[in-house]
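# Fold and contact review
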Amino acid sequence: MHFEESDEERMFREAVREFAQRYVAPAWQDYDKNHEIPRSLIKKMAEMQLWAPTVSEEYGGAGISMTMACIAAEELARADLSIALPVMYLVEASWALIFDMYGTHEAKSEILPKVCSGDLFFGIATTEPTGGSDLVNSTKTTIKPTDNGYVINGEKVYISGVAESEKYGGVYWTLAKSDPKGDHKAFNAFILPLNMGNGLTPGITTTLFEDMGRMGVSTGGFNIENVEIPKHYLIGEEGRGFYMAMEGFSAARCIIAATCLGAAEGAFDIGVDYVKQRKQFGRPLAAFEGIMFEGVDSWMALQADKLLTYKAAWMWDQHYIHKNPNISKLDIAQATAAAKYKAPHDALDIITRAMTWHGAFGYTKECPLEASYRGVRSYTVGAEGGAHIQKLVIGREIFGKECLPYRQDKQL
Ligand SMILES: Cc1cc2nc3c(=O)[nH]c(=O)nc-3n(C[C@H](O)[C@H](O)[C@H](O)COP(=O)(O)OP(=O)(O)OC[C@H]3O[C@@H](n4cnc5c(N)ncnc54)[C@H](O)[C@@H]3O)c2cc1C
């Protein structure tokens, strides 16, 4: 057991930090106001092989590990406190990876190089108006076989990247049921081409929501009316969609934890600098225990979150890259849910303390911390699974599936 980054990881972190501090840190407050991340920034990241970098080299990615993907997310969020750019980055880094793992060669060759070059957004669309937590009962979108492929009907809501996809091109890793009354074995996963670069696919209409935070990336929804997809857009085998989605959530939750960790570290550094120079009652605020001990609480939370996050990433890499038989997908689900639960909640506490240390200035829009608070809040509310759902995943592994509250109709 050791807690040191390898030389490769350390050098990667330094390179991403240099990039993020040079190009992202000076830009994010503008794109928080303008509600759009500049394409030039995404293209620059793609040139650095930082866009969907988890995708294998064969399809245009850099094939980096989950640990490296988390390092990049942490450094990007340390520079972009609104976390908009890291959110876009993480959605692609996690869901394009699951597509790379299970998609057909034909679909991957067509789609992934464009994703890695920053020309096509790669999103995730599971949530529906009837709910996002209980996918088995809430999913009403259907997928039916045709002579040449499948036809899809339904609606997805609260989906990241809809405006960007409509404007520049985007596809979604999507779930639908072959039998609306079926259980988790009735799910198929497939690529939904929202806009392949030449306008919205016929049968798709979009809506947009105005979020409270991470304004550089949009949240929207779309109706899907008789949209036909070719056979090779199916991801993995029929009936396996739900299971692959759970793997995708594990990947995304791990990188979300790293993102919230990075934002919290950025906020913490700003707060510490401020209380060391701001004087009240004749001494720096940091010299009062009331402030210093809060800072100590923040620091301890950061250490704990770092350990949880990178242990979860290490477990992913052990399972998927090193084929370690002692770490199962369920172990990873539990570890990533714990990191995804803790890091955003701790980040909110850390950001809130740092805002309070700034007094009135902390409550203004000139202070970068309020944007961070708004952005990180998305990950305690719901995105990639609400807080309660993380606890259900963790509890399932502690107490057993039979104790899951939603299974208690079965005899214990
Ligand atoms: C900013 C943002 C971006 C998003 N981007 C995407 C995206 O790109 N793609 C996508 O598919 N979805 C996306 N989502 C949706 C997200 O996945 C859902 O919000 C989430 O799954 C919860 O679903 P829901 O909002 O329908 O809430 P519901 O499922 O209706 O749940 C409401 C509340 O009840 C809680 N709850 C549910 N079940 C239980 C239970 N058994 N016990 C206790 N509490 C419970 C939930 O945690 C939640 O707090 C995004 C959400 C946000 C906020």
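The shown structure was predicted, so the numbers you read here are calculated from the model rather than taken from an experiment.

## Here we look at the environment of Asp269
Looking at the secondary structure, you find Asp269 in helix α9 (residues 241–277). Between the C-alpha atoms of Asp269 and Ala354, which are 85 residues apart in sequence, the distance is 8.9 Å.

## A word on the site of the ligand
Around the ligand, a shell composed of 21 residues is seen, among which Ile124, Thr127, Ser133, Tyr158 and His388 lie nearest. In this structure, Tyr158 approaches the ligand through a main-chain N or O atom, which is 2.9 Å from a nitrogen atom. When the ligand sits alone it has 960 Å² of accessible area, and the protein chains cover 68% of it. Of all elements in the fold, only β1 (121–125), β3 (149–160) and α14 (387–399) reach the threshold of two or more residues within the shell around the ligand. Residue composition of the shell around the ligand, grouped by class: 7 nonpolar, 11 polar and 3 charged. Residue-level mapping places the shell around the ligand at the junction of two domains, with at least three residues from each of domain 2 (121–235) and domain 3 (241–404).

## Here's the deal with the packing of aromatic side chains
A full pass over the atoms with the stated rule returns 11 aromatic pairs. Between Phe187 and Phe242 the ring centres are 5.5 Å apart and the planes differ by 40°, which places this aromatic pair in the tilted class. Here Phe187, found in strand β5 (residues 187–195), pairs with Phe242, found in helix α9; they are 55 residues apart in sequence, far enough to count as distant. Across the pair, Phe242 and Phe187 agree in class, each one buried. The positively charged end of Arg39 is found above the aromatic ring belonging to Tyr168, 4.0 Å away from the centroid.

## Re the pairing of strand β7 (residues 219–230)
In this sheet, β7 lies alongside β3 in antiparallel orientation, the contact comprising 9 bridges. Across the sheet, the residue bridging to Lys156 is Phe222, located in β7.

## Description of empty space enclosed by the protein
Gaps left between atoms show up when a probe the size of a water molecule is rolled over them. Inspection of the entire model under this criterion finds 2 cavities of 30 Å³ or more. In this structure, the largest cavity occupies an estimated 40 Å³ of space. Lining the largest cavity, in full, are Arg39, Ile42, Trp51, Met88, Glu92, Gly118, Asp119, Leu120 and Phe121. Here the lining of the largest cavity is built from residues that sort into 5 nonpolar, 1 polar and 3 charged. Counted as a void, the second largest cavity has a volume near 30 Å³. In terms of lining, the second largest cavity is formed by Ala46, Gln49, Trp51, Ala52, Pro53, Gly60, Gly61, Ala62 and Cys116. A breakdown of the residues in the lining of the second largest cavity according to their chemical character gives 6 nonpolar, 3 polar and no charged.

Rules behind the numbers
- Residues numbered from 1 in each chain as written.
- Predicted model: local features only at pLDDT ≥ 70, side-chain atom pairs only at ≥ 80, totals over all residues.
- Heavy atoms only, no water.
- Helix = DSSP H or I, 4+ residues; strand = E, 2+ residues; numbered from the N terminus.
- Near = heavy atom within 4 Å.
- Polar contact = N/O pair within 3.5 Å; in protein donor to acceptor, adjacent residues only side chain to side chain.
- Areas by Shrake-Rupley, 256 points an atom, 1.4 Å probe, with all protein chains shown as cover.
- Nonpolar A, V, L, I, M, F, W, Y, C, P; charged D, E, K, R; others polar.
- Domains from an automatic or database assignment.
- Phe/Tyr/Trp six-rings, centres within 6.5 Å; stacked < 30°, edge-to-face > 60°.
- Buried < 20%, exposed > 50% of the residue type's maximum accessible area, 1.4 Å probe, protein only.
- Lys NZ or Arg CZ within 6 Å of the ring centre and 35° of its normal.
- Pairing = 2+ DSSP bridges.
- 1 Å grid on protein atoms, 1.4 Å probe; cavity = no way out; pocket = protein on both sides within 12 Å on 5 of 7 lines; lining within 4 Å.
- Points joined across faces, edges and corners; volume = space filled by probe spheres on them.

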